[in-house]
Amino acid sequence: MKVGLFVPCYVDQFYPQVAIATYELLQKLGCDVSFPMKQTCCGQPMANSGYEHLTSGCDANFIANFAEFDYIVSPSGSCTLHVKDHLHDEKNEQLAAQIRTRVFELTEFITDVLKIEKIEGNFPHRVGMHESCHGQRMLHLSQMSELNEPYFSKPGQLLSGIKGLDLVSLSRKDECCGFGGTFCVTEEAVSAKMGQDRVKDHEDQNVEYITGGDMSCLMHLEGILKRQKSPVKIIHLAEILNTI
């Protein structure tokens, strides 16, 4: 199984340890993983700002870098969703459509493709998990609390096998953190207040770490934690699962 590691640009620039953890984890799970060196931004920031018509260069570069792989895996729900929904190629739309079906968020790939239910790592800490909106509401990585349906969480399922990890219950477990990509720039006051509310929910549970599948959301929360001089740290799911 040839897997292409799709790393979001902000992870590459600011949190490379998340990309490394994802690469190592997939190797430990038996995948033949490669990181295409010429990959760049997937185009999501432009598309979310109303400029999807200017992302054709991003699309062409993505196809050139990832067409050869059986699966394309990313430690980001939002970037995964963007490619799944918006990757196009005017010259070969059939190829673009095929690639869209091969793109997976990390925990989705582990549970749905590799069929792994638990990962027996070791992380003896009290942890709160932030459910990012794109992953939950569009990729269906976990159940939405407003629906009268049985609860499930693919990331939570994988974390349940980690020795020593105390995964807390939050009072508003799937509330948006306020990041929202360019939303945090255009509506910074609302974004910051939403993030402060999410941080407080975790701090009320006395967590040591906040984890999640989207480093963008965690980056937003980290900024608030640092400004408040909080001892709580952020850590991506891949970093915890890589303790296997």
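In this text the structure is predicted, and so the values were computed from the model without any measurement.

With respect to the helices, strands and loops of the structure, threonine 107 is situated in helix H7 (residues 106-113). A polar atom in the side chain of threonine 107 sits 2.6 Å from the side chain of glutamate 105. Those residues in contact with threonine 107 that sit more than four places away from it in its chain are Leu141, Pro155, Leu158 and Leu237.

In terms of burial, strand S5 (residues 126-130) is largely enclosed, as 4 of its 5 residues are buried. Pairing between S5 and strand S6 (residues 166-167): 2 bridges, direction parallel. Its bridge partner being in S6, arginine 126 is matched across the sheet by aspartate 166. Both S5 and strand S7 (residues 209-212) contribute to a ladder of 4 bridges, which runs parallel. Across the sheet, methionine 129 pairs through a bridge with threonine 211, a residue of S7.

The sheet built from 4 strands is open, its strands ordered S6-S5-S7-S8 with parallel pairing. In the strand order of this sheet, the two ends are held by S6 and strand S8 (233-236), each with one partner. On the sheet, helix H12 (residues 215-227) packs against S5, S7 and S8 and is oriented at approximately 170° with respect to S8.

Okay, the nonpolar core next. Core analysis: the largest hydrophobic core is formed by 64 residues, its most contacted members being Phe109, Ile110 and Ile119. Of all the elements, H12 adds the most residues to this core, at 6 residues. When near neighbours in sequence (up to four residues on either side) are disregarded, isoleucine 119 contacts Leu25, Leu29, Ile110, Leu158, Gly161, Ile162, Leu241 and Ile244.

On to the packing of aromatic side chains. Enumeration over the complete set of coordinates arrives at 8 aromatic pairs. Both rings, one in phenylalanine 104 and one in phenylalanine 109, keep their centres 6.3 Å apart while their planes meet at 55°; by these two values the pair is tilted. Owing to a relative accessible area of 14%, phenylalanine 104 belongs among the buried residues under this scheme. The class for phenylalanine 109 is buried, based on a relative accessible area of 0%. Through a chain of ring-to-ring contacts, the aromatic side chains of Phe6, Phe62, Phe66 and Phe69 assemble into a single cluster.

All right, on to the packing of helix H2 (residues 16-28) against H7 then. Orientation of H2 relative to H7, taken along the N-to-C sense of each, is 10°, at an axis distance of 12 Å. By the angle between their directions, the pair H2 and H7 is classed as roughly parallel. The residues of H7 that touch H2, namely those facing Thr22, Leu25 and Leu26, are Leu106, Phe109 and Ile110. Tallied by class, residues from the contact of H2 with H7 come to 5 nonpolar, 1 polar and no charged.

Turning our attention to the pattern of salt bridges. As enumerated under the stated definition, the model contains 11 salt bridges in all. Here glutamate 68 and lysine 2 are joined by a salt bridge, their closest N and O atoms 3.2 Å apart. Remark: lysine 2 occurs in strand S1 (residues 2-5) and glutamate 68 occurs in the loop between helix H4 (56-66) and strand S3 (71-74); sequence separation between them is 66 residues. Residue class for lysine 2 comes out partly exposed when judged on its relative accessible area of 33%. Across the pair glutamate 222 and lysine 226 runs a salt bridge, and its minimum N-O distance is 3.8 Å.

Paired through their backbone hydrogen bonds, the strands of a sheet run either parallel or antiparallel. With respect to topology, 4 strands assemble into an open sheet ordered S2-S1-S3-S4, the strand pairing being parallel. Of all strands in the sheet, those bounded by a partner on one side alone are strand S2 (32-34) and strand S4 (103-105). Strand-to-strand twist in this sheet, taken as the mean axis angle between neighbours without regard to direction, amounts to 30°. Note: S3 against S4, 3 bridges, orientation parallel. Following the sheet pairing, valine 73 is matched in S4 by phenylalanine 104. Helix H5 (residues 77-86) contacts S3 and S4 of the sheet and is inclined by roughly 160° relative to S4.

Conventions we followed
- Positions within a chain are numbered from 1, following the residues in the order the chain's sequence is written.
- Reporting in this predicted model follows two pLDDT cut-offs: at least 70 for local features of residues, and 80 or more for side-chain atom pairs to be given and counted; totals over whole chains, interfaces and linings ignore these cut-offs and use all residues.
- The side-chain numbers reported here are obtained from all heavy atoms of the structure, hydrogens and water having been left aside.
- We count a stretch as a helix when DSSP gives it H or I for four or more residues in a row; a strand needs E for two or more, and each element gets its number in order from the N terminus.
- We call two N or O atoms a polar contact when they sit within 3.5 Å, provided that within protein one can donate a hydrogen and the other can accept it, with sequence-adjacent residues counted only if both atoms are side-chain atoms.
- What makes two residues a contact is simply this: any of their non-hydrogen atoms within 4.5 Å.
- For every residue, the accessible area (1.4 Å probe, protein chains only) is compared with the maximum for its type, and the residue is labelled buried under 20%, exposed over 50%, or partly exposed between those bounds.
- Note on pairing: two strands pair once DSSP finds at least 2 bridges between them.
- Interaxial angles span 0 to 180 degrees and are taken between N-to-C directions of axes, which are lines fitted to C-alpha atoms, for helices over the stretch in contact.
- The nonpolar core is taken to be a set of buried Ala, Val, Leu, Ile, Met, Phe, Trp, Tyr and Cys residues, with the residues joined through side-chain atoms within 4.5 Å.
- Whether two aromatic rings pair depends on their centres lying within 6.5 Å, for rings of Phe, Tyr and Trp, where Trp uses its six-membered ring; planes under 30 degrees apart make the pair stacked, over 60 edge-to-face, and the rest tilted.
- For classification purposes, an angle smaller than 35 degrees is called roughly parallel, one larger than 145 roughly antiparallel, one from 65 to 115 roughly perpendicular, and anything else oblique.
- All amino acids are sorted into three groups, where Ala, Val, Leu, Ile, Met, Phe, Trp, Tyr, Cys and Pro are nonpolar, Asp, Glu, Lys and Arg are charged, and the leftover types, Gly among them, are polar.
- Put simply, a salt bridge is a Lys or Arg side-chain nitrogen that is within 4 Å of an Asp or Glu carboxyl oxygen.

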